[in-house]
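Below are the chains, spelled out letter by letter.
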Amino acid sequence: MVDKAKFARQFIEAIPHSRALGMRLTDIGNGSAEITMEYDERFVGDPKTGVIHGGAVSALMDTCCGAAVMSHPDAPAGTATIDLRIDYMRAATPGQAITTRATCYHITRSVAFVRATATDENSDTPVATASGAFTVEGR
Amino acid sequence: MTRPQPEPVQVVKQRRDAALKALVDAVPYINYLGVQFDRRGDELTAVLPFDEKLIGNPLLPAIHGGVTAAFLEITSVITLSWAYLWEDIESGAIDPDAMAAGNLPRLPKTIDFTVDYLRSGLPRDAYARAVVSRSGRRYASVHVEAWQDHVSKRFAQATGHFLMPRDKA
C-alpha cells in the first residue's frame, strides 16, 4: 500500500503540467489525495479582480482526481479521465492558495468514480466541487 | 437617392481584430497556455500550439486533461463574450482601444463545466470551436468541441453554463 502511494506520488510529481502550475501533493493513499496550488498572477482569469481562471482550477481538480484513483488499493496502474464535471460555487480569494481533496469512492474492474472539493484559505465554503469517471488501466 | 457608403474593409477588420485581441490579451491564463484565436467574420477558432509544459502523461505522451479542460473553457468563455459584445463593438458603443487600456466590460462567469474526454490529446497543436446553444438575459449554455489532425475526430468536447453580467459597464 505504501508502495502504491509512493508510485502515485512519483507519477504525479513527474507530470510537466502539474509542475508548471506549481502543484504540491500534500497527502495521498487509499483512494484519496490532496493537492495544493499556490496563487500565481500568471493563472488569473479575471484581470479586474485577480481571480484565478476556472481552467487552472480544472487542471488542479483533474490531477487530484487522477492521483486519488492511482492510490486506490484496487487500481492496478494508470488512469485517464473519461469525464469530469466541475461546479464553480464562488470566486477563489485572490492571493490565496487553492487546495483540492479528491476521493475515489467506488471502483470497478474498468471504471473509477471520483469526487473532489476545492477550497481556498477560508475553507468553510468550497470554491468548487467536481465529480468524474476515470478509466482503470492495466488489468 | 444616395445610399450610405459601406465601411472600408480595413476599418471593419481593424476594429474587430483590435477588440478580439484586447479581450484575449486581458486574461493572463490564456497567454500562459498560449491559446490564440483565429477570426472569420464573427466565427472564432481557438488554437492551442503544443508545448512541453502542457504534457500530462509523460509515458504516452499526452496533453494534460486539465489543459484540455482549460482550453475548452477558454474557448467557451471567449466565444460567448464575443457574441455578447459583438453588437456593441460594431456600433462603436465599446471602444477597442479602451478595452486594450484595461477598461474591459464585465464578462460571463462559469457556473459549471462538463468535459468528455474522447481520446488522448496528442503532442501537437489543438483546435476548438464553441457554439452558444442559448444565451438568455441571465444564463447561457455553450457547447464546445476540440480536435487535432481531423476535425471529424474530436479528442474532447464539453458543455458549460454561464452566468451573464447584469450590465455591460
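Further up the page is the structure itself.
Everything numeric in this text was worked out from a predicted model, so none of it was measured.

Draft legend 1. Summary view of the environment of A46 of chain B. Residues and elements named next belong to chain B. Within the fold, A46 resides in strand 2 (residues 43-48). A relative accessible area of 0% means that A46 is categorised as buried. With 39 residues separating them along the chain, A46 and E7 place their C-alpha atoms 27 Å apart. Setting aside residues no more than four positions away along its own chain, A46 makes contact with V35, Q36, F37, F71, T75, A126, Y127 and A128.

Draft legend 2. Representation of the interface of chain B and chain A. Contacts between the two partners involve 32 residues from chain B and, on the opposite side, 31 residues from chain A. Between chain B and chain A, roughly 2,500 Å² of surface is buried when both sides are summed, and carbon and sulfur atoms account for 59% of that area. Together, Y29, Y32 and Y117 of chain B form the three largest contributors to the area buried by chain B at its contact with chain A, with a combined 25%. Summed over the shared surface of chain B and chain A, the result is one salt bridge. Counting across the interface, chain B meets chain A through 14 residue pairs in polar contact (both at pLDDT 80 or more). Residue assignment for the side of chain B that touches chain A shows that the elements contributing at least two residues are helix 2 (28-33), strand 3 (55-57), helix 3 (65-91) and strand 5 (109-117) of chain B. For the side of chain B that touches chain A, the class distribution of residues is 20 nonpolar, seven polar and five charged. One ladder, built from five bridges, connects strand 5 (residues 81-88) of chain A with strand 5 of chain B; its direction is antiparallel. Residue pairing in the sheet places R85 of chain A in a bridge with T114 of chain B of strand 5 of chain B.

Draft legend 3. Examining helix 3 of chain B more closely. Residue and element names in this part refer to chain B. In this model, helix 3 (27 residues) spans 39 Å end to end at C-alpha, consistent with the 39 Å of a helix rising 1.5 Å per residue. Maximum bend of helix 3: about 50°, positioned at L85. Of all 27 residues in helix 3, 22 are buried; the element is thus mostly enclosed. Looking one or two places after helix 3, you find G92, whose phi comes out positive at around 95°.

Draft legend 4. Main features of the state of the cysteines. For the coordinates displayed, the defined rule picks out zero disulfides over all chains. Here C64 of chain A stays unpaired: no disulfide links it, and the sulfur of C65 of chain A, its closest cysteine neighbor, is 6.2 Å away.

Draft legend 5. Geometry of the layout of surface pockets. When its volume is computed, the largest pocket comes out at roughly 870 Å³. If you go around the largest pocket, you meet 34 residues; those closest to its centre are D46 of chain A together with L107, P108, K109 and T110 of chain B. When contributions to the lining of the largest pocket are tallied by element, the ones reaching two or more residues are strand 3 (44-46), strand 4 (51-52) and helix 3 (54-70) of chain A together with helix 3 and strand 5 of chain B. With four residues, helix 3 of chain B is the largest single contributor of residues to the lining of the largest pocket. Taken together, the residues of the lining of the largest pocket sort by class into 22 nonpolar, five polar and seven charged. Size it by volume and the second largest pocket reaches roughly 610 Å³. Forming the walls of the second largest pocket are 32 residues, and the residues nearest its centre are T79, A80 and T81 of chain A together with N57 and G65 of chain B.

Draft legend 6. The arrangement of the sheet that holds strand 5 of chain A in detail. Pairing is antiparallel across the open sheet formed by twelve strands, whose spatial order is 1(A)-2(A)-6(A)-7(A)-8(A)-5(A)-5(B)-8(B)-7(B)-6(B)-2(B)-1(B). Pairing within the sheet leaves two strands with one partner each, and these edge strands are strand 1 (23-29) of chain A together with strand 1 (36-40) of chain B. Strand-to-strand twist across the sheet, computed as the mean angle between neighbouring axes with direction ignored, equals 20°. As paired elements, strand 7 (residues 111-119) of chain A and strand 8 (residues 128-135) of chain A share eight bridges and run antiparallel to each other.

Draft legend 7. Fine view of the pattern of salt bridges. If you walk through the whole model with that rule in mind, you get 15 salt bridges over all chains. Two residues, R85 of chain A and D112 of chain B, come together in a salt bridge whose shortest N-O distance is 3.3 Å. One end of the pair, R85 of chain A, is in strand 5; the other, D112 of chain B, is in strand 5, on a second chain. A residue is classified by how much of its surface remains accessible, and R85 of chain A, at 33% relative accessible area, is partly exposed. A salt bridge links E90 of chain B to R16 of chain B, with the nearest nitrogen and oxygen atoms 2.8 Å apart. Of this pair, E90 of chain B sits in helix 3 while R16 of chain B is found in helix 1 (residues 9-25), placing the two residues 74 residues apart along the sequence. Residue E90 of chain B is classed as partly exposed on the basis of its relative accessible area, which comes to 24%. Salt bridges sharing common partners tie together E7, R15, R16 and E90 of chain B.

Calculation notes
- Residues numbered from 1 in each chain as written.
- Chains lettered and ligands numbered in written order.
- Predicted model: local features only at pLDDT ≥ 70, side-chain atom pairs only at ≥ 80, totals over all residues.
- Heavy atoms only, no water.
- Helix = DSSP H or I, 4+ residues; strand = E, 2+ residues; numbered from the N terminus.
- Buried < 20%, exposed > 50% of the residue type's maximum accessible area, 1.4 Å probe, protein only.
- Contact = heavy atoms within 4.5 Å.
- Buried area = accessible area lost by both parts, 1.4 Å probe.
- Salt bridge = Lys/Arg side-chain N within 4 Å of Asp/Glu carboxyl O.
- Polar contact = N/O pair within 3.5 Å; in protein donor to acceptor, adjacent residues only side chain to side chain.
- Nonpolar A, V, L, I, M, F, W, Y, C, P; charged D, E, K, R; others polar.
- Pairing = 2+ DSSP bridges.
- Expected span 1.5 Å × (residues − 1).
- Bend = angle between axes of the 7 residues up to and from the residue.
- Disulfide = S-S within 2.5 Å.
- 1 Å grid on protein atoms, 1.4 Å probe; cavity = no way out; pocket = protein on both sides within 12 Å on 5 of 7 lines; lining within 4 Å.
- Points joined across faces, edges and corners; volume = space filled by probe spheres on them.
- Axes fitted to C-alpha atoms, helices over the stretch in contact; angles between N-to-C directions.

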